[in-house]
Amino acid sequence: MPRQGLIFVPSLADYDHFDDAAAANRMDLALAAFEDLVRVSVERDVPTILLLNKKDVFEEKLARSPIRRFDPDISGGAHANVQAACVYFRDRFNKVHEG
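Here the structure is a predicted model, which means the values were calculated and not measured.

### Quick look at the overall build of the protein
Each helix and strand counted, the protein has three helices and four strands in total. Its C-alpha atoms give the protein principal-axis dimensions of about 50 × 30 × 25 Å. With 99 residues in all, the protein has 30% of them scored as buried. Long-range pairs, those at least 24 residues apart, make up 63% of the contacts in the protein between residues at least 6 apart in sequence. On the protein, roughly 6500 Å² of surface is accessible, and the fraction owed to carbon and sulfur atoms is 51%. Considering the protein, the positive charge centre built from 13 side chains and the negative charge centre built from 16 side chains are found 2 Å apart.

Here it is in structure tokens:
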């Protein structure tokens, strides 16, 4: 029987989008959805792969839309450095996965 897995692909560029219908930031919504999916995948012993998407758009937006305005927990140079910011969001998703 083939092995199954879960691939989750959130958009990095959604860090500054607010979803009016859900009354929440889209990155926070992605983290919440990931948490639900991880819970199911762990229960069923299904591997999980996280692919952070739209890095090019994220890089363009970062200069004009600082992460700190939408995520006050960000510290150090991660609010302005693309690579550090990617690591910051990767770590947030990993924390949910390990949680």
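Picking up where we left off.
### Topic: helix α1 (residues 26-43)
For α1, spanning 18 residues, the distance from its first C-alpha to its last is 26 Å, which sits close to the expected 26 Å at 1.5 Å a residue. Within α1, the full set of buried residues consists of M27, A30, L31, F34, V38 and S41. Projected down its long axis, α1 shows its buried positions confined to an angular sector of 95°, all on one face. Looking at the packing, one finds that the buried side of α1 touches β1 (6-8), β3 (24-25), β4 (48-50) and α3 (82-98). A distance of 2.7 Å separates the backbone nitrogen of M27 from a side-chain oxygen at the start of α1, and that oxygen is part of N25. One or two steps after α1, the chain reaches D45, where phi turns positive at roughly 55°.

### Focus on the packing of aromatic side chains
By the definition in use, this model includes seven aromatic pairs. An angle of 45° between the planes, with centres 5.1 Å apart, marks the rings of F8 and F34 as tilted. Separated by 26 residues along the polypeptide, F8 in strand β1 and F34 in helix α1 bring together distant segments of the chain. Pair check on accessibility: F8 and F34 agree, each one buried.

### A word on the pattern of salt bridges
Summed over the entire model, instances satisfying the criterion amount to six salt bridges. As a salt-bridge pair, D36 and R39 come within 3.3 Å of each other at their nearest N and O atoms. Within this pair, D36 and its partner R39 are both found in helix α1, separated by three residues, close to a single helical turn. Across the pair R92 and D71 runs a salt bridge whose closest N-O atoms are separated by 2.7 Å.

Rules used in this analysis
Residues numbered from 1 in each chain as written. Predicted model: local features only at pLDDT ≥ 70, side-chain atom pairs only at ≥ 80, totals over all residues. Heavy atoms only, no water. Helix = DSSP H or I, 4+ residues; strand = E, 2+ residues; numbered from the N terminus. Buried < 20%, exposed > 50% of the residue type's maximum accessible area, 1.4 Å probe, protein only. Contact = heavy atoms within 4.5 Å. Areas by Shrake-Rupley, 256 points an atom, 1.4 Å probe, with all protein chains shown as cover. Lys, Arg positive; Asp, Glu negative; His and termini not counted. Charge placed at Lys NZ, Arg CZ, Asp CG, Glu CD. Expected span 1.5 Å × (residues − 1). Arc of directions from axis to C-beta. Polar contact = N/O pair within 3.5 Å; in protein donor to acceptor, adjacent residues only side chain to side chain. Phe/Tyr/Trp six-rings, centres within 6.5 Å; stacked < 30°, edge-to-face > 60°. Salt bridge = Lys/Arg side-chain N within 4 Å of Asp/Glu carboxyl O.

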